[in-house]
Amino acid sequence: MTVAELAEHLRASSRIAAFTGAGVSTESGIPDFRSPGGVWTRYDPRDFTFDRYISSAEVRHNSWKMREEFMAAMPQPNRAHRVLADLEAEGRLLGVITQNIDGLHQDAGSRNVIEIHGNVREVQCIGLFPKHGIPDGCGFTAHHDWAMERIAGGDADPDCPSCGGYVKTATVSFGQAMPEGPMEQASLLAEECDLLLAIGSSLEVFPAAGIPLDAKAAGARVVIINRDPTDLDAFVDLVINGEAGTVLTEAVRAANTTSTD
Ligand code: NAD
């Protein structure tokens, strides 16, 4: 029944946007943070703050270790990523706002991907004395492999080759300021869309989780597709508790079938 309702929403919309979280990538083998077996069961969340990264060489070391594990797994896009890429290619989806750092939307073929929490494939200089969670680097950036090669060569904590500042994966840690450009783009997309699909997110991490509410306030219909209930369920038009890949595949198939009847 609910998948049929989602199919109706898809048929009635021409300016769809997606807002995705870690749950869209679990079918690709990347654990989310909060589910059983998720990242928080293996790493200490307190280590993922920007301040701890700067103050502790051990935290930096653990952080690089986690990134190395992540990249070595070479995750591939799954059905959910592909359905969204196809909707964009058909001109029905304007773009994807993602909290994910894994780059799998782009790998699936999505073109307009707004990464509000950065990405794991790049590293950047954050300077020697960043304050208030704001990176203050010299502008040095490199591919993730640059850091891995230095670590493999015996430098456990590679610093910036230009200015000696700390180098960090280009992701947004807890306590780190959100990137202004992507947040502005995300707000514009939330205002422009007529249907926002919030997929695979616990909707607990703010300010990101406010984006579906912004879309709702701007007049869009909002559908949450998530394995578990969220605190925002009461505020949206439709909630489907299920697997993202299955729900999206079935809903798009139903929408396409109905539209060609
Ligand atoms: P979260 O872990 O807080 O919530 C994930 C949600 O997805 C859960 O509510 C869970 O029920 C649901 N879920 C899991 N598998 C699902 C599936 N197959 N289908 C449907 N729902 C599914 O994640 P979040 O809300 O994205 O917030 C956590 C933060 O962690 C984000 O900012 C993100 O940057 C980061 N993160 C990213 C990745 C990644 O890039 N793949 C992985 C872990 C965490």
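In this report, we go over the structure that sits alongside the text. (Residues numbered from 1 in each chain as written. Predicted model: local features only at pLDDT ≥ 70, side-chain atom pairs only at ≥ 80, totals over all residues. Heavy atoms only, no water.)

This brings us to helix α4 (residues 79-89). What α4 keeps buried is the set A80, H81, V83, L84, A85, L87 and E88. Between a side-chain oxygen at the N-terminus of α4 and the backbone nitrogen of A80 the separation is 2.8 Å; the capping residue is N78. Where α4 terminates, the next one or two residues include G91, which has phi positive at roughly 80 degrees. (Buried < 20%, exposed > 50% of the residue type's maximum accessible area, 1.4 Å probe, protein only. Helix = DSSP H or I, 4+ residues; strand = E, 2+ residues; numbered from the N terminus. Polar contact = N/O pair within 3.5 Å; in protein donor to acceptor, adjacent residues only side chain to side chain.)

This part covers the packing of aromatic side chains. One pass over the structure, following the stated rule, counts one aromatic pair. Above the ring of Y53, the side-chain terminus of K168 is found at 6.0 Å from the ring centroid. (Phe/Tyr/Trp six-rings, centres within 6.5 Å; stacked < 30°, edge-to-face > 60°. Lys NZ or Arg CZ within 6 Å of the ring centre and 35° of its normal.)

The next subject is the sheet that holds strand β9 (residues 238-241). Sheet strands pair via backbone hydrogen bonds, and the direction of the pair is either parallel or antiparallel. Here six strands make up an open sheet; going across it, the order is β3-β2-β1-β7-β8-β9 and the pairing parallel. The open sheet is flanked by β3 (113-115) and β9, the only strands paired with a single partner. Averaged over all neighbouring strand pairs, the angle between strand axes comes to 15 degrees, with direction disregarded. Where strand β7 (residues 195-199) and strand β8 (residues 221-226) come together, five bridges link them in parallel fashion. Note on β8: the bridge partner recorded for L195 is R221. Against the sheet, helix α1 (residues 2-11) engages β1 (16-20), β7, β8 and β9, with an angle of about 130 degrees to β9. (Pairing = 2+ DSSP bridges. Axes fitted to C-alpha atoms, helices over the stretch in contact; angles between N-to-C directions. Contact = heavy atoms within 4.5 Å.)

Looking now at helix α3 (residues 57-72). Under the 1.5 Å per step criterion, the end-to-end length of α3 is 22 Å for 16 residues, consistent within 8% with the ideal 22 Å. Those residues of α3 that sit buried are V59, R60, S63, W64, M66, R67 and F70. For α3, the arc enclosing every buried residue in end-on projection is 160 degrees, short of the 170-degree limit, so these residues lie on one face. In this structure, α3 carries E58 and A72 as exposed residues pointing more than 90 degrees from its buried face. Against the buried residues of α3 lie α2 (50-55), β4 (118-127), α6 (144-152) and β6 (166-171). The N-cap residue of α3 is S56: its side-chain oxygen and the backbone nitrogen of E58 are 3.3 Å apart. Directly beyond the C-terminal end of α3, a positive phi value near 40 degrees is found at M74. (Expected span 1.5 Å × (residues − 1). Arc of directions from axis to C-beta.)

The next thing to look at is the site of the ligand. R34, Q99, H117, S202 and D228 are the nearest of the 27 residues found near the ligand. A distance of 2.3 Å is found between an oxygen atom of the ligand and a backbone nitrogen or oxygen belonging to Q99. Here I101 contributes a backbone N or O atom positioned 2.8 Å from an oxygen atom of the ligand. In the complex, 96% of the free accessible area of the ligand, which totals 850 Å², lies under the protein chains. The residue makeup of the shell around the ligand, split by class, is eight nonpolar, 13 polar and six charged. Of the residues that make up the shell around the ligand, three or more belong to each of domain 1 (1-29 + 76-117 + 178-261) and domain 2 (31-72 + 118-171). (Near = heavy atom within 4 Å. Areas by Shrake-Rupley, 256 points an atom, 1.4 Å probe, with all protein chains shown as cover. Nonpolar A, V, L, I, M, F, W, Y, C, P; charged D, E, K, R; others polar. Domains from an automatic or database assignment.)

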